[in-house]
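Summary of the model geometry
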Amino acid sequence: MPIQLFDSLERKLKPLAPAHPDGVFRFYNCGPTVYAPAHIGNFRTFVVNDVLRRLLELEFGADRVKHVRNLTDVDDRTIGQTQKEKRPLAEITQKWTDKFHADCDALNCLRPHVEPTATGHIREQVDMIEVLMEKGNAYRAPDGSVYFKIASFPAYGALSRIKERELKVTNSAFDADHKDDIGDFALWKAYKPEEDGDVQWPGPRTAAAGRPGWHIECSAMIKKHLGETIDLHTGGVDLLFPHHENEIAQSQCCNGTTFARHWYHSEHLLVDGTTMSKSKGNYYTLGDLVEKGYSPMAVRYALLSGHPRKQLNFTLDSMHAAGSALATLRAFRTTLHASGVTHDVFAPVFAALQDDLNTPAALGALFSIINRKSVEASAASFDRVLLAFGLKLDAPAPRANVPADILALAEKRWVAKQAKDFATADALRQELAAAGWSMLDRKTDYKLEPLKKV
RNA sequence: GGCGCGGUAGCCAAGUGGUAAGGCCGAGGUCUGCAAAACCUCUAUGCGCCGGUUCAAUUCCGGCCCGCGCCUCCA
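A short tour of the structure in this document, coming up. (Residues numbered from 1 in each chain as written. Chains lettered and ligands numbered in written order. Predicted model: local features only at pLDDT ≥ 70, side-chain atom pairs only at ≥ 80, totals over all residues. Heavy atoms only, no water.)

1. With respect to the pattern of salt bridges
Throughout the structure, instances matching the rule amount to 30 salt bridges. As a salt-bridge pair, arginine 64 and aspartate 63 come within 3.8 Å of each other at their nearest N and O atoms. What makes aspartate 63 exposed here is its relative accessible area of 58%. For the salt bridge of lysine 417 with aspartate 441, the shortest nitrogen-to-oxygen distance reads 3.3 Å. Of this pair, lysine 417 sits in helix 15 (residues 404-418) while aspartate 441 sits in strand 14 (residues 437-441), placing them 24 residues apart in sequence. (Salt bridge = Lys/Arg side-chain N within 4 Å of Asp/Glu carboxyl O. Buried < 20%, exposed > 50% of the residue type's maximum accessible area, 1.4 Å probe, protein only. Helix = DSSP H or I, 4+ residues; strand = E, 2+ residues; numbered from the N terminus.)

The structure is reproduced here in C-alpha cells:
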C-alpha cells in the first residue's frame, strides 16, 4: 500500500511517490534556526518527519530516499544573538548546531543525507536573486535591499489562501522597510552597521552588501541539492505563511517549474493546553525533561502519541504515560523469539502509519496486537515496527550516582534480608524510601533507583 | 476583523451512518518474605449544547457555546 499523506496545497490525501526517473524520492524538511536550544515543539516536527523518512525508506528502499534539512544560521535571531553575546556568528551557530545534533541523536532521529547551511550557500542565493531581478520578479529598494514583487506572481497565496484573508492593517514593519507593496518580502537585506555587526556578504548585482532574506535559503538549497522539482516539502504549520508561500513564489518564478509536488505541515505542540512560552513557564527543551528524569525515548513516544496534523497537548503526565508504555513494549520484546513467523501480524500498524502518518492509531494497533492472548510475532517483525517508529527499547540509561549513605543503608538491609531479619529489612526499606530511593531486590543482588515520580 | 483547527472516560488519544481502538492513572487478582517487576480481570448506554436529515448520528447538515493556532521572518 502506498503512503498516503495530506497535501496542504491541494488539501487532500495524496499518495507519495518519486517523480524523478531515477526513482529517488526527494524530501526536504525545513530545519531549525540555530541560535538557542530547540524546544520540544520544534522536536515534534522533527520526530514526525523522522518517522516519515523511515516510512519512505521502508517503502522505496533506503537508497531511494534523499532527505535534506537545512540549518538557518543567519537571520534576525542569530544576528541578534551575536550582538547580545558579542561573539562571532559562526561560534554561536556552531554551538547550537552541535546541541541540536546531540538532541536529535538522543531522540533517535536519523541524520538527513544533506544538512546545508544558509551561510554555506550565499552564492546560490545571490544567483537566484539575480535571476529574479532579471525576470522582473524582484526589485532593488532605495537602501540596496532586494524585494520580491508578489504582484508578479499571480499564483501567490495558493498555499495559505492569503488572497482570501483580510490582512491586519497595523503593520509597523511596512514603514521601516522600503518595499513597494506590503506583501513584498525581502530576498536580500542591505547591511545595517548598527544591527548587523560584521555579518555581511557582497550582494546581487546593483544591490548593496548585506545578507540573504530568510526565505531564499530554502529555495536555493533545494535547487542545489534536490533539483528544481521535489517530491515532498515539509515543516511546521507556522511555516505555511509566509515562509513556504514565499518559497513557492521565488522558486517557481526563478525556475519556471513546479517547486514541490506535495506539501505537508505538522501541527504545533501545546503544553498544558496552551501555546508554549517562557513567560507562561511551560517551555521545555529536551534537556529540561531529561533533568526531570524522563528519557529522550519517552519524549519521542509522547511526541508521537497524537495525530501529527492535530495540536497535541503535551503534559508531564503524558511523559509518565509514555515511559510506562515503553516499559510495556520492552517487556513484550523480551518474550519474543528471533525466528519463524512468516506473516506479519503487525501489518495493521504499518497500515495506520501509511494512512496519513496516523501515529496514535498505529500505536493503538500495536498495543491491541501485543495484548492478544497468543501473539505469533517474531522478534524481527516487532523490531521492524520499532524501526519505523524510531523507538529504541534499551534499558533506561544508568541513573544518577547513588550517594554513599544510601548505599550503606541498602547494604545493611541486604545483610538483614539474607539473615531473614525481615523486620529490620522492612524498616530500612522505609528509611530508603523516605530518602527518595527504591530498592529493587533480585535473586542474588539488588538495584537502587530514585523513587518513581507520581 | 479575516483564515484555519479542535471539543470523545480522571488524564492523553484514535475512530466509524448501525450503537465507542489504545496508552496512562485507578480497582481487584496471580506470583514472589515485603517492595518492585511481570501477568490476568475490570473501568464511557457515552463522544461540547440545541435542532434537522435518517430505520439508525458520536459520525452528515444548520445554529450556538467553549478552547487553540495563524494573519510577514515562530517547528
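There is more to say after this.
2. Examining the pairing of strand 15 (residues 446-450)
Across five bridges, strand 14 lies against strand 15 in antiparallel orientation. Among the inter-strand pairings, aspartate 441 is bridged to a residue of strand 15, identified as tyrosine 446. Where strand 14 folds back on strand 15, the antiparallel hairpin that results is connected by four residues. (Pairing = 2+ DSSP bridges.)

3. Regarding the protein's contact with RNA strand B
Taken together, 54 residues are adjacent to RNA strand B, and Lys189, Gly236, Leu239, Thr275 and Asp426 come closest. When atoms of RNA strand B within 4 Å of the protein are split into backbone and base, the sugar-phosphate part holds 61%. The separation between a base nitrogen of RNA strand B and a polar main-chain atom of leucine 269 is 3.0 Å. Between asparagine 313 and RNA strand B, the recorded distance is 3.1 Å, taken from a backbone N or O atom to a phosphate oxygen. Class assignment for the residues of the surface near RNA strand B results in 17 nonpolar, 22 polar and 15 charged. (Near = heavy atom within 4 Å. Polar contact = N/O pair within 3.5 Å; in protein donor to acceptor, adjacent residues only side chain to side chain. Nonpolar A, V, L, I, M, F, W, Y, C, P; charged D, E, K, R; others polar.)

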